[in-house]
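Architecture and fold: a report
Given next are the chains, with one letter for each unit.
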Amino acid sequence: MSSLLQMNSITKSYGSKFALNDVSLEIGPGKIVGLLGSNGSGKSTLMKMVTGLLQPTRGTLTVTGLPVGLKSKALVSFMPDRPLTESWMKVRDAITFFQEFYDDFDIVKAREMLQFMKLNESDRVSVLSKGMSERLQLTLALSRDARLYLLDEPIGGVDPVARGKILDAIVEYYNEDSSIIISTHLVRDIERIFDEVVFIREGEIVMHEEVENIRIKYGKSVDDMFKEVYAE
Amino acid sequence: MMKLLKYDFKRNSAKLLGVAVVLILAQLSIMLLMNDITLIIVITLLTYMIAGVILFITPIRTYSYNLKAYHRKLLPVHSLKTIISPIAMGFICLLILGLIMLIHGYVYLTVYDNTQILYIIKTYPMDTIISLLSACWIIINMFITIFLAITIATSIRSKGSFWIGIVVFFIIVNGLSWLDNLLFGGAEWGFFRIFADESNSSVNGVLTNMNSLQTSISGGMIGSFIFELVCSVAFLYVMVKLIDRKVEA
């Protein structure tokens, strides 16, 4: 089975500080992967590197065998930690923007998701609450039929009701032939949807396991394992 | 590219519309409230100049924003289009402003019966056309040079990168000017030679004798233009490479 994402000895440094240090990672298709780590552990940096927003200092990175660049951008759907919209936009404009630039954008799925998320097309993006804005960003990211989805803290800063709604949407709307990587430090709320987890600490991967193996091998939930790994 | 251009226009639509409205109101006020012709000319030119500066700065800010904006960086579009789009936006805006100025100028010249300038234009049609084309090229060339400085500054992740960009801009402008002088003797293209031609004579500002001159295109001017064109293409290439490999959001 060929891998969707292949990272070989990726290092990202800013002067003497390492954001990622010699990270190697391989993700196959059809997986929901949790990228877990405390704040500043390198989760966002890793995701931004896969999407081409950041360049690695060393190492190689491919998506479906393609180096990160113009072609890989068409295959990767990213929900970053800041909005993918502009302040002048209405929800409708944001949808049109994505539809115009991404060939794989599914407008039917987008409309369905908007309804599911209780978002109105006529709402102004600038007046949406944080929770509603995150729902919109998720709608935009998941409405594409991408090969790899990257969701950076999709439930960070939203209330428990919204969290449940967002997680349900992820499971229901992501393309099952693809893989999805979700970064978070709110492990308990989200661990139920993971197939695999990657623990990252101070820019280094400390564990990459299937969730089932963690339960069988260590007799622990992902949340318990997370607390153990990140205990100070 | 047209899609990017559309969204660049949409983002700046409020500002562009604002400039247009203020310009119209200012011109109407000048027309209705002022009597002194010298003052009318000065204030009119000043309002056009202010509008021009705003329209010149807008694409620069747009490009700078686009370089860092996630939703633009993530798009599967060639980096060259990211550069061309704000240049096209700025050029179109300034072109429209220029056309409005020309129409306004023509109306003014007709109303006030100032035939001197019209006479110059009619006598030197080629120079007029070359001057207008020259102005268009200067705008595009200036945008490319400024964008290069911004791209270089953005690709440097350190304190003071803004100042590095400014220094780079002045080095490029002065370096090119020096090279241009060295290679082509400072040939400028598209200026009305009438202003420099001492054989013309005038009384009270009205031309009484004007010597027939051939068009001002010379080998040096064409060489200078080709030199600038080659430099601009090279700058675009450098920018594309920097955006793809060095500029981080």
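The structure displayed is predicted, hence computed values, not measured ones. (Residues numbered from 1 in each chain as written. Chains lettered and ligands numbered in written order. Predicted model: local features only at pLDDT ≥ 70, side-chain atom pairs only at ≥ 80, totals over all residues. Heavy atoms only, no water.)

Here we take up the sheet that holds strand E8 (residues 179-184) of chain A. The pairing of strands in a sheet happens through backbone hydrogen bonds and is either parallel or antiparallel. All names here are of chain A. Strand order across the open sheet formed by six strands is E6-E7-E8-E3-E9-E10, with mixed pairing between neighbours. A strand with exactly one partner marks an edge of an open sheet, and here the two such strands are strand E6 (76-79) and strand E10 (204-210). Direction aside, the axes of adjacent strands within the sheet are offset by 15° on average. In this fold helix H8 (residues 211-218) packs onto strand E9 (196-201) and E10, with an angle of close to 85° to the strand it touches most, E10. Its contacts with the sheet place helix H9 (residues 222-229) against strand E3 (32-36), E9 and E10, and it is angled at close to 15° to E9. (Pairing = 2+ DSSP bridges. Helix = DSSP H or I, 4+ residues; strand = E, 2+ residues; numbered from the N terminus. Axes fitted to C-alpha atoms, helices over the stretch in contact; angles between N-to-C directions. Contact = heavy atoms within 4.5 Å.)

Moving on to a nonpolar patch on the surface. Judged by side-chain polarity, Leu 17, Val 21, Ile 24, Leu 25, Leu 28, Met 31, Leu 32 and Leu 33 of chain B come together as a nonpolar surface patch covering roughly 870 Å² of accessible area. Position of Leu 33 of chain B among the secondary structure elements: in helix H1 (residues 2-33). (Patch = residues over 30% accessible without salt bridge, like charges linked within 9 Å, V, L, I, M, F, W, Y side chains within 5 Å. Areas by Shrake-Rupley, 256 points an atom, 1.4 Å probe, with all protein chains shown as cover. Salt bridge = Lys/Arg side-chain N within 4 Å of Asp/Glu carboxyl O.)

Where H1 of chain B bends most, the angle comes to about 60°, and this point is Asn 12 of chain B. Every buried residue of H1 of chain B is listed here: Leu 4, Leu 5, Tyr 7, Asp 8, Arg 11, Asn 12, Leu 16, Val 19, Leu 23, Gln 27 and Ile 30 of chain B. On its buried face, H1 of chain B is in contact with helix H3 (91-101) of chain A together with helix H2 (37-68), helix H3 (70-73) and helix H4 (79-111) of chain B. (Bend = angle between axes of the 7 residues up to and from the residue. Buried < 20%, exposed > 50% of the residue type's maximum accessible area, 1.4 Å probe, protein only.)

It is common to give the size of an interface as the accessible area lost on bringing the parts into contact. The interface of chain A with chain B comprises 25 residues on the first partner and 23 residues on the second. Here chain A and chain B share an interface that buries about 2400 Å² over both sides, 61% of which is from carbon and sulfur atoms. Where chain A meets chain B, there are twelve residue pairs in polar contact (both at pLDDT 80 or more). The set of elements that each furnish at least two residues to the side of chain A that touches chain B consists of strand E1 (5-14), helix H1 (43-51), helix H2 (70-73) and H3 of chain A. Top element by residues in the side of chain A that touches chain B is H3 of chain A. It accounts for five residues. In terms of residue class, the side of chain A that touches chain B is made up of 13 nonpolar, four polar and eight charged. (Buried area = accessible area lost by both parts, 1.4 Å probe. Polar contact = N/O pair within 3.5 Å; in protein donor to acceptor, adjacent residues only side chain to side chain. Nonpolar A, V, L, I, M, F, W, Y, C, P; charged D, E, K, R; others polar.)

The next thing to look at is the confidence of the model for chain B. Detailed reading of the predicted model is not advised wherever pLDDT is low. Averaged over every residue, the pLDDT of chain B is 83; the share at 70 or more is 85%. The low-confidence segment residues 189-215 of chain B (pLDDT under 50) makes 55 contacts with residues lying over four places distant or belonging to another chain. (pLDDT = per-residue confidence, 0-100.)

Each aromatic ring pair is described using two quantities: the centre-to-centre distance and the angle formed by the ring planes. For the structure shown, the criterion picks out 14 aromatic pairs over all chains. Considering the side-chain rings of Trp 88 of chain A and Tyr 7 of chain B, the 6.2 Å spacing of their centres and the 35° angle between planes classify their relative orientation as tilted. Taken together, the residues span two chains, with Trp 88 of chain A in the loop between E6 and H3 and Tyr 7 of chain B in helix H1. A relative accessible area of 1% means that Tyr 7 of chain B is categorised as buried. A connected cluster of aromatic rings, assembled from ring pairs, spans Trp 88, Phe 97, Phe 98, Phe 101, Tyr 102 and Phe 105 of chain A together with Tyr 7 of chain B. Between the NZ or CZ atom of Arg 82 of chain A and the centre of the ring of Tyr 70 of chain B, over which it lies, the distance is 4.0 Å. Over the face of the ring belonging to Phe 101 of chain A we find Lys 3 of chain B, whose NZ or CZ atom lies 5.8 Å from the ring centre. (Phe/Tyr/Trp six-rings, centres within 6.5 Å; stacked < 30°, edge-to-face > 60°. Lys NZ or Arg CZ within 6 Å of the ring centre and 35° of its normal.)

Okay, the pairing of strand E2 (residues 17-27) of chain A next. Looking along a regular strand, one sees side chains alternate from face to face of the sheet. Residues and elements named next belong to chain A. The pairing of E1 with E2 spans seven bridges and is classified as antiparallel. Within E2, the position partnered with Gln 6 by the bridge is Glu 26. Count of turn residues in the E1/E2 antiparallel hairpin: two residues, of which Gly 15 carries a positive phi of about 65°.

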